[in-house]
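Take a look at the letters that make up each chain.
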Amino acid sequence: MNEKEYDFVIFGAGAIGSSIGAWLYPHYNKVCFLDRKEIANELKEKGINIYLNEEKDKIQKINVPVIEDLNEKPDTDVVILATKNYSLDAVAQEIKAKLGDPIIIALQNGVENQKILPKYFSKIIYGTICWNAWKDSPSVLGFSSWQKPEEGKPKTGSLFLGTVGDKNPELEGIMKNIVNIFNKGFDAQISNDFQNTIHTKMVTNLGNCVLTLAGHKFREISSMKTLAKITTNVLNEGVQILKAAGYSEYPMDGVTSWGLVGLGAKLPASISKFIFQKKVKHYPMNSMQQDIILHKGNQSELDYFNGYFLELANKVGVKAPYNQGIYDVCKEEFAKPNFEPLDVADIWEKIEGNL
Ligand SMILES: NC(=O)C1=CN([C@@H]2O[C@H](COP(=O)(O)OP(=O)(O)OC[C@H]3O[C@@H](n4cnc5c(N)ncnc54)[C@H](O)[C@@H]3O)[C@@H](O)[C@H]2O)C=CC1
Ligand SMILES: CC(C)(CO)C(=O)C(=O)O
């Protein structure tokens, strides 16, 4: 096949941008990373040091090309946008001003990017990420793969790419070429049903804020049963909202299935906590825990996940008391200058009145 050789810039060398780059760059070298000065400098000096799960003894160092400004790469064909949703508008303006209208691959969780990016760009491919990654420092990256082990194949993550709206044959062709390039380094596939793909993934993201609020993995959890009960009900409401809004499930390896969510909500919490515990092992540290607890920030994607579902619930007339309660508590707690995760019993006390 006659493969087009695109020049890629990964805009945002955080957990997701760095994992994609670390998997791809050794097999396809027309890739460079862009991040803020301090992060860029550390990456230039130390490379990306990547490990799977807790296997820090098997860390792999990959030296990668890094830039601090898009003006250093005026011939960029494709920008892989791997920033959070809350940075997206400013970043889109910068790309527009410096590169015009390149091909964009948007990797955010949620659908806020579908509102923002079409204001600036005409060739947008969206992605749904099926792995969890975190940064111990700008140059040290851990990830958890959800892939079943395959003999002789290193584990990576899986990425589902798709377009939204009317199909544009040129963009579909570009997407196929990009998938072929990505497959040199990691598993990428095309989803012909992108809205259902990203909405299915977002159900899992509804739990991000619960685990952040409760400090899962960061503090003692006084009742795993209560944490499981809250999280499972938050996710189950998400499934009911999506069904009422006409979405259907798009199964992806590692992404919690709607059947399992429903079962978890139906079973007594003393049993569903075991399903919950097994599942969260896939997500050692979700992206919101990284923002709020690890990096001690007060910006998060709460509004683009639970906030979006609450708006949808309102539109389709579905009640979502768990999501509303948790959203309200997170809004208040995450805004505090020195957020400290709450005891799960206190979270329960704050939300149970509204259930
Ligand atoms: N971390 C995870 O496990 C997963 C994350 N996601 C989603 O992927 C998206 C990216 O998440 P992460 O990689 O975790 O975020 P991150 O916060 O680790 O990385 C974002 C990077 O973008 C950089 N950045 C932001 N604005 C910039 C600017 N103006 N100029 C230069 N660099 C800039 C930041 O410095 C940071 O290094 C989010 O929407 C998240 O929800 C999806 C699945 C899993
Ligand atoms: C890994 C996962 C699914 C955890 O919820 C995620 O998407 C995130 O961290 O934002």
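For clarity, every value in this text was computed on a predicted model and none was experimentally measured. (Residues numbered from 1 in each chain as written. Chains lettered and ligands numbered in written order. Predicted model: local features only at pLDDT ≥ 70, side-chain atom pairs only at ≥ 80, totals over all residues. Heavy atoms only, no water.)

## Brief notes about the packing of aromatic side chains
Phase 1 of the analysis: Considering all chains together, one arrives at 15 aromatic pairs under this definition.
Phase 2 of the analysis: Ring geometry for Tyr-51 against Trp-134: centres 6.3 Å apart, planes inclined by 75°, an arrangement best described as edge-to-face. Here the residue Tyr-51 occupies a position in strand β3 (residues 48-52), and Trp-134 occupies one in strand β8 (residues 124-137), the gap between them amounting to 83 residues.
Phase 3 of the analysis: Residue Tyr-51 is classed as buried on the basis of its relative accessible area, which comes to 3%.
Phase 4 of the analysis: Accessibility expressed as a relative area gives 6% for Trp-134, which makes it buried. (Phe/Tyr/Trp six-rings, centres within 6.5 Å; stacked < 30°, edge-to-face > 60°. Helix = DSSP H or I, 4+ residues; strand = E, 2+ residues; numbered from the N terminus. Buried < 20%, exposed > 50% of the residue type's maximum accessible area, 1.4 Å probe, protein only.)

## Let's talk about the site of ligand 1
Phase 1 of the analysis: The full set close to ligand 1 counts 27 residues, and Ile-16, Asp-35, Asn-132, Ala-133 and Glu-301 are the nearest of them.
Phase 2 of the analysis: Ala-133 places a polar main-chain atom, nitrogen or oxygen, 2.8 Å from an oxygen atom of ligand 1.
Phase 3 of the analysis: Contact with the protein chains removes 89% of the 830 Å² of surface that ligand 1 exposes when unbound.
Phase 4 of the analysis: Residue assignment for the shell around ligand 1 shows that the elements contributing at least two residues are α1 (15-24), β8 and α11 (287-294).
Phase 5 of the analysis: Here the shell around ligand 1 gets four residues from one element, more than from any other, and that element is β8.
Phase 6 of the analysis: Across the shell around ligand 1, the residue classes break down as 13 nonpolar, nine polar and five charged.
Phase 7 of the analysis: The residues that make up the shell around ligand 1 include at least three from each of domain 1 (8-192) and domain 2 (198-352). (Near = heavy atom within 4 Å. Polar contact = N/O pair within 3.5 Å; in protein donor to acceptor, adjacent residues only side chain to side chain. Areas by Shrake-Rupley, 256 points an atom, 1.4 Å probe, with all protein chains shown as cover. Nonpolar A, V, L, I, M, F, W, Y, C, P; charged D, E, K, R; others polar. Domains from an automatic or database assignment.)

## Looking at the site of ligand 2
Phase 1 of the analysis: What surrounds ligand 2 is the set Asn-109, Trp-131, Asn-132, Trp-146, Lys-201, Thr-204, Asn-205, Asn-208, Tyr-283, Asn-286 and Ser-287.
Phase 2 of the analysis: Side-chain polar atom of Asn-109 to an oxygen atom of ligand 2: 2.9 Å apart, as the coordinates give it.
Phase 3 of the analysis: Interatomic distance of 2.5 Å between a side-chain N/O atom of Ser-287 and an oxygen atom of ligand 2.
Phase 4 of the analysis: Here the residues of the shell around ligand 2 sort into three nonpolar, seven polar and one charged.

## Quick look at the packing of helix α6 (residues 194-205) against helix α12 (residues 302-316)
Phase 1 of the analysis: Across the interface, α6 lies against α12 with an axial gap of 10 Å and an inter-helix angle of 105°. Regarding the angle of α6 to α12, the classification is roughly perpendicular. Mapping the contact onto sequence places His-199, Met-202, Val-203 and Asn-205 in α6 and Tyr-304, Phe-305, Asn-306, Tyr-308 and Phe-309 in α12.
Phase 2 of the analysis: A breakdown of the residues in the contact of α6 with α12 according to their chemical character gives six nonpolar, three polar and no charged. (Axes fitted to C-alpha atoms, helices over the stretch in contact; angles between N-to-C directions. Parallel < 35°, antiparallel > 145°, perpendicular 65-115°, else oblique. Contact = heavy atoms within 4.5 Å.)

## Brief notes about the domain arrangement of the protein chain
Phase 1 of the analysis: Split by domain assignment, the protein chain resolves into domain 1 (8-192) and domain 2 (198-352).
Phase 2 of the analysis: Measuring from the centre of the C-alpha atoms in domain 1 to the corresponding centre in domain 2 gives 25 Å.
Phase 3 of the analysis: For the domain 1 face of the interface with domain 2, the top three residues by lost area are Tyr-86, Asn-109 and Trp-146, together amounting to 31%.
Phase 4 of the analysis: At the junction of domain 1 and domain 2, the tally comes to two salt bridges.
Phase 5 of the analysis: The salt bridge partner of Asp-253 is Lys-148, with a shortest N-O separation of 3.4 Å.
Phase 6 of the analysis: Our count for the contact surface shared by domain 1 and domain 2 stands at 10 residue pairs in polar contact (both at pLDDT 80 or more).
Phase 7 of the analysis: Breaking the side of domain 1 that touches domain 2 down by element, the ones donating at least two residues are α4 (112-116) and β8.
Phase 8 of the analysis: Top contributing element to the side of domain 1 that touches domain 2 by residue count: β8, with eight residues.
Phase 9 of the analysis: Its residues assigned to classes, the side of domain 1 that touches domain 2 comprises 10 nonpolar, 10 polar and four charged. (Buried area = accessible area lost by both parts, 1.4 Å probe. Salt bridge = Lys/Arg side-chain N within 4 Å of Asp/Glu carboxyl O.)

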